[in-house]
Amino acid sequence: MATIALSAIGMALGGAIGGSVMGLSMATIGRAAGAAIGRRIDQQVMGGGSAAIEGPRIDRFRLTGATEGADIQQVFGRMRVAGQVIWASQFKERSTTVQGNSSTPTVTTYRYSVSLALALCEGQVGRIGRIWADGTEISPGSLNLRLYDGRMDQQPDPKIAAVEGMQNTPAYRGTAYVVIENMALARFENRIPQLTFEVMRPADTSHNEVMQRITGAVLGAGTGAYTLATSQVHVSGGFAAQRAVNTNTPLGGSDFTVSMDAMQGELPQCQSV
């Protein structure tokens, strides 16, 4: 209110004085001066633009899939399984403060991250493929993820050992599990999402031995434009937007490179195509 009132008073006083300065009438100068003084009064009285704003802050988290005494799954072939949390670090909080000025407030926002280990299944697996968070497929490249395939000689994870101490860190031998280090939670609304994994495990030992012996494969002719392109091919989607016409998964890279990576996981000894 002081801004409006003093602006009108300043314009009236300037108009009464008359004349001009540098091409500006005294009425205009008076209105600007009155508005500036009134704005400062409004800020002091009502606090507009002076009170700091603090974003939502989390005081506790609930871990997903952390049931004590739950069974360890057995997987044969290819299956989508939900991870069972077997270890988690303390949540790490980072705050960012943007200083305000006379017309804007100071804003503080908080970001959270956490490291955790999730057991997948019993026994040794071949690899993991796709990953889903709350039912939406995400790129494994967006996670700092390590897979322990369940060998009987696998070693403890260095992140868990750094937090808990080597003497307190099990190797979970015979259990396939993943460790996700410093997972940012901002895109999941500052909570741990429900994670599921596509797990590939040979159905029997003889099948695994056959897959280990294959050293070459034949690639059939693809259909569609750019099917065999080894890099992403982008076309204009309108309004200067571009999209990759040969990328149909969030795994990163072209469909060809994603398929080759998957084949390499199934046929680790394959050296030529």
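Placed above this text is the structure.
Since this is a predicted model, take the numbers as computed values, not measurements.

## Structural notes on the layout of surface pockets
Take a probe with the size of a water molecule and roll it over the atoms, and the empty space left behind shows itself.
Part 1 of the reasoning: For the second largest pocket, the calculated volume is near 400 Å³.
Part 2 of the reasoning: Those elements that place two or more of their residues in the lining of the second largest pocket are strand 8 (127-133), strand 12 (195-201) and helix 5 (255-266).
Part 3 of the reasoning: With 5 residues, strand 8 is the largest single contributor of residues to the lining of the second largest pocket.
Part 4 of the reasoning: Looking at the lining of the second largest pocket residue by residue, the class counts come to 8 nonpolar, 3 polar and 5 charged.

## Focus on the nonpolar core
Part 1 of the reasoning: Core analysis: the largest hydrophobic core is formed by 26 residues, its most contacted members being Leu-116, Leu-118, Leu-120, Ile-180, Met-183, Phe-197 and Val-199.
Part 2 of the reasoning: If you list the elements that add at least two residues to this core, you get strand 7 (107-122), strand 8, strand 11 (175-184) and strand 12.
Part 3 of the reasoning: Residue contributions to this core peak at 7 residues, all from strand 7.
Part 4 of the reasoning: Look past the residues within four positions of Leu-116 in its chain and what remains in contact with it is Val-85, Trp-87, Ala-88, Val-178, Val-179, Ile-180, Met-183 and Ile-192.

## Notes on the pattern of salt bridges
Part 1 of the reasoning: One pass over the structure, following the stated rule, counts 6 salt bridges.
Part 2 of the reasoning: Across the salt bridge formed by Glu-198 and Arg-130, the nearest N and O atoms sit 3.3 Å from each other. Residue Glu-198 is found in strand 12, and its partner Arg-130 is found in strand 8; the two are separated by 68 residues along the sequence.
Part 3 of the reasoning: Taking relative accessible area as the criterion, Glu-198 reaches 7% and is therefore assigned buried.
Part 4 of the reasoning: Between Asp-134 and Arg-191 there is a salt bridge, with the nearest N and O atoms lying 2.6 Å from each other. In this pair, Asp-134 sits in the loop between strand 8 and strand 9 (136-138) while Arg-191 sits in the loop between strand 11 and strand 12, placing the two residues 57 residues apart along the sequence.
Part 5 of the reasoning: Judged by its relative accessible area of 35%, Arg-191 is partly exposed.
Part 6 of the reasoning: Overlapping salt bridges, with partners in common, bring together Arg-78, Arg-130 and Glu-198 in one network.

## Considerations on the packing of aromatic side chains
Part 1 of the reasoning: Considering all chains together, one arrives at 2 aromatic pairs under this definition.
Part 2 of the reasoning: Taking 4.8 Å as the distance between ring centres and 10 degrees as the angle between the ring planes, the aromatic pair formed by Tyr-148 and Tyr-177 counts as stacked. On the criterion of sequence distance, the pair formed by Tyr-148 in strand 10 (residues 145-148) and Tyr-177 in strand 11 is long-range, its members being 29 residues apart.
Part 3 of the reasoning: On the accessibility criterion, Tyr-148 (12% relative accessible area) is buried.

Calculation criteria
- Residues numbered from 1 in each chain as written.
- Predicted model: local features only at pLDDT ≥ 70, side-chain atom pairs only at ≥ 80, totals over all residues.
- Heavy atoms only, no water.
- 1 Å grid on protein atoms, 1.4 Å probe; cavity = no way out; pocket = protein on both sides within 12 Å on 5 of 7 lines; lining within 4 Å.
- Points joined across faces, edges and corners; volume = space filled by probe spheres on them.
- Helix = DSSP H or I, 4+ residues; strand = E, 2+ residues; numbered from the N terminus.
- Nonpolar A, V, L, I, M, F, W, Y, C, P; charged D, E, K, R; others polar.
- Core = buried A, V, L, I, M, F, W, Y, C linked by side-chain atoms within 4.5 Å.
- Buried < 20%, exposed > 50% of the residue type's maximum accessible area, 1.4 Å probe, protein only.
- Contact = heavy atoms within 4.5 Å.
- Salt bridge = Lys/Arg side-chain N within 4 Å of Asp/Glu carboxyl O.
- Phe/Tyr/Trp six-rings, centres within 6.5 Å; stacked < 30°, edge-to-face > 60°.

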